[in-house]
Amino acid sequence: MIEAVALTYGMLLSFVLSGASHNRKLARPNPPMLNYVGYVLFGATVTAALLLAGYGVWGMATGAVLAV
């Protein structure tokens, strides 16, 4: 299951970044949907990073062996 999520996330991120860089080269604004998907992916990335960092810190503080 995680493989499908990682593949979907990677494809969406690749599409958003290539579209944004192409629009910047042509000096035109990004479509609103591209901005929306980019912000959602950014939010998901930051949320996952903070949750995993908090989980790691919690495990170090309690001395528990953690598995993700």
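Residues numbered from 1 in each chain as written. Predicted model: local features only at pLDDT ≥ 70, side-chain atom pairs only at ≥ 80, totals over all residues. Heavy atoms only, no water.

**A few points about the overall build of the protein**
Point 1. For the protein, the count of helices and strands is two helices and zero strands.
Point 2. For the protein, the C-alpha radius of gyration of 17 Å lies well beyond 11 Å, the compact-globule estimate for 68 residues.
Point 3. For the C-alpha atoms alone, the extent of the protein along its principal axes is close to 55 × 25 × 15 Å.
Point 4. Within the span of the protein, comprising 68 residues, buried residues form 9% of the whole.
Point 5. Element-wise, carbon and sulfur atoms account for 76% of the exposed surface of the protein, whose accessible area totals about 5600 Å². (Helix = DSSP H or I, 4+ residues; strand = E, 2+ residues; numbered from the N terminus. Rg over C-alpha atoms; globule rule 2.2 N^0.38 Å. Buried < 20%, exposed > 50% of the residue type's maximum accessible area, 1.4 Å probe, protein only. Areas by Shrake-Rupley, 256 points an atom, 1.4 Å probe, with all protein chains shown as cover.)

**Points about the packing of aromatic side chains**
Point 1. Taken as a whole and judged by the stated rule, the model has one aromatic pair.
Point 2. A centroid spacing of 6.2 Å and a plane angle of 25° characterise the contact between Tyr-55 and Trp-58, whose relative ring orientation is stacked. Placement of the pair is Tyr-55 and Trp-58 together in helix H2 (residues 32-62), with a separation of three residues, close to one helical turn. (Phe/Tyr/Trp six-rings, centres within 6.5 Å; stacked < 30°, edge-to-face > 60°.)

**Overview of the side chain of Asn-23**
Point 1. Within the secondary structure, Asn-23 is located in helix H1 (residues 2-25).
Point 2. Setting aside residues up to four positions removed in sequence, Asn-23 forms contacts with Arg-28, Pro-29, Asn-30, Pro-31 and Leu-34. (Contact = heavy atoms within 4.5 Å.)

**A look at unusual backbone geometry**
Backbone phi values are negative for most residues with the exception of glycine, while trans is the configuration of most peptide bonds.
Point 1. Positive phi values are uncommon outside glycine, yet Ala-27 reaches one of about 55°.
Point 2. Considering the arrangement of structural elements, one finds Ala-27 in the loop between H1 and H2.
Point 3. By relative accessible area, Ala-27 is classed as exposed at 70%.

**Here we look at H2**
Point 1. The end-to-end C-alpha distance of H2 is 45 Å, a good match for the 45 Å that 31 residues give at a rise of 1.5 Å each.
Point 2. Every buried residue of H2 is accounted for by Leu-34, Leu-41 and Gly-59.
Point 3. Residues of H2 that are buried in the fold lie against H1.
Point 4. Phi turns positive, to about 75°, at Gly-63, one or two residues after H2. (Expected span 1.5 Å × (residues − 1).)

**Things to note about the packing of H1 against H2**
Point 1. The interhelical angle for the contact between H1 and H2, taken along N-to-C directions, is 130°, at an axis separation of 10 Å. When the interaxial angle is binned, H1 and H2 end up oblique. Considering the relative orientation of H1 and H2, their crossing is left-handed. The segment H1 lies against H2, with Tyr-9, Leu-12, Leu-13, Phe-15, Val-16, Gly-19, Ala-20 and Asn-23 engaging Leu-34, Val-37, Gly-38, Leu-41 and Thr-45.
Point 2. For the contact of H1 with H2, the per-class residue count stands at nine nonpolar, four polar and no charged. (Axes fitted to C-alpha atoms, helices over the stretch in contact; angles between N-to-C directions. Parallel < 35°, antiparallel > 145°, perpendicular 65-115°, else oblique. Left-handed = near helix turned anticlockwise from the far one by under 90°. Nonpolar A, V, L, I, M, F, W, Y, C, P; charged D, E, K, R; others polar.)

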